[in-house]
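# Coordinates in review
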Amino acid sequence: LMIPLGALLIVCLRNVVGIKTFGTFIPILIALAFRETELLWGVLLFSLVVALGLGCRFYLEYLQLLLVPRLASVLIIVIILMVLISLLSHKLGLERGLSVALFPMVILTMTVERMALLWEEHGAAEALKQGIGSLAVAVLAFLLMKNDVLQHLVFVFPESLLIILALTLLLGRYTGYRLTEL
């Protein structure tokens, strides 16, 4: 029931503020994963897996694979990285590192793939801008969806989702300047 609040936040941040992200749902799903990993560990683990996966993805570019085999390869590499991080953190006694397994593998894979494609098409600056934007929006969505007062209101009054829908539809008609354009 809290996901629509995260979606509304993303609509506001993208349409009104102008923060670029990797789509609408990737930051929300990352925020949901943060609920299980805790925020600081989630950000660190997410950044580590995406950075290492991006490095491996660039290596795969030299193999000139077709799209589906490349995506499958990136997925397998992401899972291997998650296993290695879990094992290494367990050996070091950092039990929070085991929570990397709670990240949705497909979301990590798609984040790596989208970031690599942006890097190739628009350069490193744009890829990093959207990557940092996605992570920042995910953190804000996590904080919003974890708010106890909002959770209580949405669970006790589920009809409040209609208000969220109305606000989303209203923002969907906004065609003015974004704050980043000013």
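As shown above, the structure is provided for reference.
The model shown is predicted, which means the values in this text are computed figures rather than measured ones.

To continue, consider the side chain of S89. Within the secondary structure, S89 is located in helix α4 (residues 67–91). Residue S89 is classed as buried on the basis of its relative accessible area, which comes to 6%. In terms of polar contacts, S89 uses its side chain to reach the backbone carbonyl oxygen of S86, at 3.0 Å.

Counted by the stated rule, this structure contains six salt bridges. When the shortest N-O distance is used, the salt bridge between E113 and R57 registers 2.8 Å. Of this pair, E113 sits in helix α5 (residues 105–122) while R57 is found in helix α3 (residues 39–61), placing the two residues 56 residues apart along the sequence. Judged on exposure class, the residue E113 and its partner R57 are both buried.

Its place among the elements puts G23 in the loop between α1 (3–17) and α2 (25–37). The buried category is assigned to G23, whose relative accessible area is 16%. Residues G23 and T111 lie 88 residues apart in sequence; the distance between their C-alpha atoms is 9.6 Å. Apart from the residues lying within four places of it in its own chain, the contact partners of G23 are R14 and R114.

Attention now moves to α5. Taking 1.5 Å of rise per residue, the 18 residues of α5 would be expected to cover 26 Å, and the 25 Å separating its terminal C-alpha atoms lies within 8% of that figure. Taken together, the buried positions of α5 are occupied by I107, L108, T109, T111, V112, E113, M115, A116 and L118. Looking at the buried positions of α5, the neighbouring elements they touch are α2, α3, α4 and α6 (124–145). One or two positions beyond α5, positive phi appears at G123, with a value near 100°.

Here α3 contains 23 residues, and its C-alpha end-to-end distance of 32 Å stays within 8% of the 33 Å for a straight helix at 1.5 Å per residue. Those residues of α3 lying buried are G42, L45, F46, V49, V50, G53, L54, R57 and L60.

What follows covers the packing of α1 against α2. Where α1 meets α2, the axes come as close as 10 Å, and the angle between the chain directions of the two elements is 135°. By the angle between their axes, α1 is oblique relative to α2. α2 is crossed by α1, and the crossing has right-handed handedness. Counted together, I3, G6, A7 and I10 of α1 and P27, I28 and L32 of α2 form the full contact between these two elements. Class assignment for the residues of the contact of α1 with α2 results in six nonpolar, one polar and no charged.

Calculation criteria
Residues numbered from 1 in each chain as written. Predicted model: local features only at pLDDT ≥ 70, side-chain atom pairs only at ≥ 80, totals over all residues. Heavy atoms only, no water. Helix = DSSP H or I, 4+ residues; strand = E, 2+ residues; numbered from the N terminus. Buried < 20%, exposed > 50% of the residue type's maximum accessible area, 1.4 Å probe, protein only. Polar contact = N/O pair within 3.5 Å; in protein donor to acceptor, adjacent residues only side chain to side chain. Salt bridge = Lys/Arg side-chain N within 4 Å of Asp/Glu carboxyl O. Contact = heavy atoms within 4.5 Å. Expected span 1.5 Å × (residues − 1). Axes fitted to C-alpha atoms, helices over the stretch in contact; angles between N-to-C directions. Parallel < 35°, antiparallel > 145°, perpendicular 65-115°, else oblique. Left-handed = near helix turned anticlockwise from the far one by under 90°. Nonpolar A, V, L, I, M, F, W, Y, C, P; charged D, E, K, R; others polar.

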